[in-house]
Structure formats: structure tokens, C-alpha cells
Amino acid sequence: MIEVSQLTKRYVGHTAVDRISFTVDKGEIVGFLGPNGAGKSTTIRMLTCFLTPSSGRASVDGFDVEKDSVKVRQRIGYMPENVPLYTDMRVKEYLRFRAALKGMETKKLTSGVDEAVETCSLKEVQNKMISTLSKGYRQRVGLADALVTKPDLLILDEPTNGLDPGQIRQFRELIKDLGKRHTIFLSTHILPEVEMTCNRVIIINRGKIKASDTPRNLIRRREEGDLTVEVNGNQGKVLAALKKLPGVTSVKEEKSEKGWNRYLIDSNGKADLGEKIFDLAVERSWKIREMSRHDATLEDAFVDLVRKEEES
């Protein structure tokens, strides 16, 4: 559905996107992640024909974003980060206007608008002025706008921006449902949503693609695993002994309280540290009040990738 090859966007004194290549297959839900200024929005604007690439190429459903921009736009439903709604129009009136503006045939327009209203749960507000709607409903109107012409591909840029946790959960379920009928390319900062929603993740940083894999595989790639241990023993000796354990990459002391010291231990993931620490405690007559493992998340994998890039 999307093919990107050596895509580049340069500005005076700055390269925002630097020769990136990736594909998105039909039917996938792909998360596009990166820190602020990484090149996400610039890439999306090139894919949606709002920006012209400096070099390289990109195509949607086989149509080039430069040579066949009209055909590309006909196949994309785009929801920008800040949805530019006409707040002095009613919801259904606005969607009819947008559908007509996109060239939707008159005989299909009514059914297209009704379906978008139903899909985005806008029926109870369809006759209300957009200016009176909550942030959550406005986001739904923006998504309905992207859906109204029944495009093959949805490109969503920070679709849950500004929503509360309940609204984010509803939006997540909606995106999952839409993924059964559309290819979705989703840019967001909310990594748990990506982990629960997307089939694959593409990570960009400093204008370059750093990873492209399933959320599970990216988590498995993470080299370090965290273990929290609270020990009653000589602080210096405990710290030194923990650092010497095979597989330990670092030990950080978090807090002290009445002889109890808590340590956050990073490992290479190749050793069973829990068993080794327990044996060490028995040998040294330490008391252990807590031992808990922190299961890695997509957020951990993302932070590690970005941090290593910044340190290199």
C-alpha cells in the first residue's frame, strides 16, 4: 500500500528526513514513532502530498506522490494532528461539505456520510454545531472526515492528542475495528496504544529509520532487564556484591529507609538474577523484603533505541 525508497526532505541547513525506506502492506496497522523533531510529520506530509520530497520516491497503491498526487489523495484518508474543523457548521453538514469537496459522487455522498457518522459514533451530535462539541467529539469528527470517502489507507497523525484516558481507550478500540477494513499508518506519542493496536512499528530518529518490527520483537531486542531488590545489609558491601554478579550491567541505589536499601539492577537478560541474588543473600545473611521484575515494554525499547542514538 505504501512504498518509500530513499525519501529525503532538506531545508536550508537542515535535513528533516534522510534517505528513509520502508513499506506498509495492505491490511496492516503500522505505528510510526519517534521523538519530537525526528521527521515523523515531515514524512507524513510528503506521503499525503502536502510537501514535495527533495529526493527519493514514495508511492501509495502504486501511484507516485509527485507524479500522481490527485490519485494518491483519492486513496488516502488523512487526519492531521490538529484537525482544522469549520466550527460554525453542524457535524453532518460539515461532513457532506467535505465529501463533496473531495469529489465524492452525489449518489454515494449520503450513504458515505451516514456510514462515517455511524462508525465514529456521532449520531447523537450529528445536528449540533461543531463549536459546541467536546475535544473527544471533535477528534471523532476529524476521523469521520478522513473516512467519509471510504479510502483504502488511513493516515492518522496523533489522533488521540488532547484526549482523556477514557476517550483514548474508546479511540483505540475504534482504530482496531477500522483496521479490519483499512490499512492504517498511525503516528502517536502514546506507546502503550501502539503496543496494543499495531501489527508493526517503524521508529524514526534524526530523520533516519532506526527499527521496523513487531512490537513484541522490538521488546525482545531490548538488552537490559530491570530487577528491583530491597535488602537489609551493609550498604557498601551489598552494592559491591550485586555489581559483581555475572550478567549485571549496572546497579542504581534508589532509596534508603531504616537499614533497608533498594537497588535497581540492569542486566543483559542472559542470567537468572533472581536466583543468584537469593543465593547471595542466604550466603551473606542479608534480609530481602522485596524482589520484583520489571517486564520490558515498547516504551522501554523505544527509549533505549533513542538513547543509544543520542549517545553515539
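Residues numbered from 1 in each chain as written. Predicted model: local features only at pLDDT ≥ 70, side-chain atom pairs only at ≥ 80, totals over all residues. Heavy atoms only, no water.

S.K.: Go over the overall build of the chain with me, naming the residues and quoting the values.
M.R.: For the chain, the count of helices and strands is 11 helices and 14 strands. Against the compact-globule benchmark of 20 Å for 312 residues, the chain has a radius of gyration of 25 Å, which places it well outside the compact range. Reported as C-alpha extents along the three principal axes, the dimensions of the chain are approximately 80 × 45 × 35 Å. Sorting the 312 residues of the chain into buried and exposed places 47% on the buried side. The contacts of the chain with a sequence gap of at least 6 include a subset with a gap of at least 24, amounting to 66%. Side chains of the chain give 52 positive and 46 negative charges; the mean places of these two sets differ by 2 Å. (Helix = DSSP H or I, 4+ residues; strand = E, 2+ residues; numbered from the N terminus. Rg over C-alpha atoms; globule rule 2.2 N^0.38 Å. Buried < 20%, exposed > 50% of the residue type's maximum accessible area, 1.4 Å probe, protein only. Contact = heavy atoms within 4.5 Å. Lys, Arg positive; Asp, Glu negative; His and termini not counted. Charge placed at Lys NZ, Arg CZ, Asp CG, Glu CD.)

S.K.: An account of the packing of aromatic side chains is requested, with residue identities and associated values reported.
M.R.: Under the criterion given, the structure shown has six aromatic pairs. Arranged with centres 5.7 Å apart and planes meeting at 10°, the rings of Phe 22 and Phe 185 form a pair that is stacked. Separated by 163 residues along the polypeptide, Phe 22 in strand E2 (residues 14-24) and Phe 185 in strand E8 (residues 183-187) bring together distant segments of the chain. Take Phe 185: its relative accessible area is 0%, and that puts it in the buried class. Ring plane angle 70° and centroid distance 6.1 Å describe the contact between Tyr 86 and Tyr 94, whose orientation is recorded as edge-to-face. Since its relative accessible area comes to 43%, Tyr 86 is described here as partly exposed. It is Arg 73 that lies over the ring of Phe 50; its NZ or CZ is 5.4 Å from the centre. (Phe/Tyr/Trp six-rings, centres within 6.5 Å; stacked < 30°, edge-to-face > 60°. Lys NZ or Arg CZ within 6 Å of the ring centre and 35° of its normal.)

S.K.: How would you summarise the nonpolar core if you had to cite specific residues and measurements?
M.R.: Core analysis: the largest hydrophobic core is formed by 46 residues, its most contacted members being Leu 33, Val 91, Leu 122, Val 141, Leu 143, Leu 156 and Ile 184. Dropping the residues within four chain positions of it, Leu 143 is found in contact with Met 79, Cys 120, Leu 156, Phe 171, Leu 174 and Leu 178. In terms of nonpolar packing, the next biggest core, distinct from the first, is built from 27 residues, Ile 2, Val 30, Cys 49 and Phe 63 among them. (Core = buried A, V, L, I, M, F, W, Y, C linked by side-chain atoms within 4.5 Å.)

S.K.: Lay out the sheet that holds E2 in plain terms, naming residues and giving numbers.
M.R.: Strand order in this open sheet of four strands is E2-E1-E4-E5, and the pairing throughout is antiparallel. Looking at which strands have only one partner, the edges of the open sheet turn out to be E2 and strand E5 (63-64). In terms of strand pairing, strand E1 (residues 2-11) meets E2 through seven bridges, oriented antiparallel. Among the inter-strand pairings, Ile 2 is bridged to a residue of E2, identified as Val 24. (Pairing = 2+ DSSP bridges.)

S.K.: Quick one: what's the story with helix H6 (residues 165-178), residue by residue and with numbers?
M.R.: Helix length check: H6, at 14 residues, gives a terminal C-alpha distance of 20 Å against a target of 20 Å (1.5 Å per residue), a fit within 8%. Ile 168, Phe 171, Arg 172, Leu 174, Ile 175 and Leu 178 are the residues of H6 that are buried. The arc that holds every buried residue of H6, seen down its axis, measures 165°, which confines them to one face. In H6, the exposed residues that point more than 90 degrees away from the buried face are Pro 165 and Arg 169. The backbone nitrogen of Gly 166 has a side-chain oxygen 3.1 Å away, supplied by the residue at the start of H6, namely Asp 164. (Expected span 1.5 Å × (residues − 1). Arc of directions from axis to C-beta. Polar contact = N/O pair within 3.5 Å; in protein donor to acceptor, adjacent residues only side chain to side chain.)

S.K.: So what's going on with the domain arrangement of the chain? Residues and values would help.
M.R.: Here the domain parsing of the chain yields domain 1 (2-220) and domain 2 (225-295). Computed over C-alpha atoms only, the centres of domain 1 and domain 2 are separated by 45 Å. (Domains from an automatic or database assignment.)

S.K.: Hey, could you go over a nonpolar patch on the surface for me, with residue numbers and the actual values?
M.R.: Judged by side-chain polarity, Phe 278, Val 282, Ile 288 and Met 291 come together as a nonpolar surface patch covering roughly 360 Å² of accessible area. Mapped onto the nonpolar patch, the elements with two or more residues apiece are helix H10 (273-284) and strand E14 (287-294). Examined against the element boundaries, Val 282 turns out to sit in helix H10. The exposure class of Val 282 is exposed, given its relative accessible area of 57%. (Patch = residues over 30% accessible without salt bridge, like charges linked within 9 Å, V, L, I, M, F, W, Y side chains within 5 Å. Areas by Shrake-Rupley, 256 points an atom, 1.4 Å probe, with all protein chains shown as cover. Salt bridge = Lys/Arg side-chain N within 4 Å of Asp/Glu carboxyl O.)

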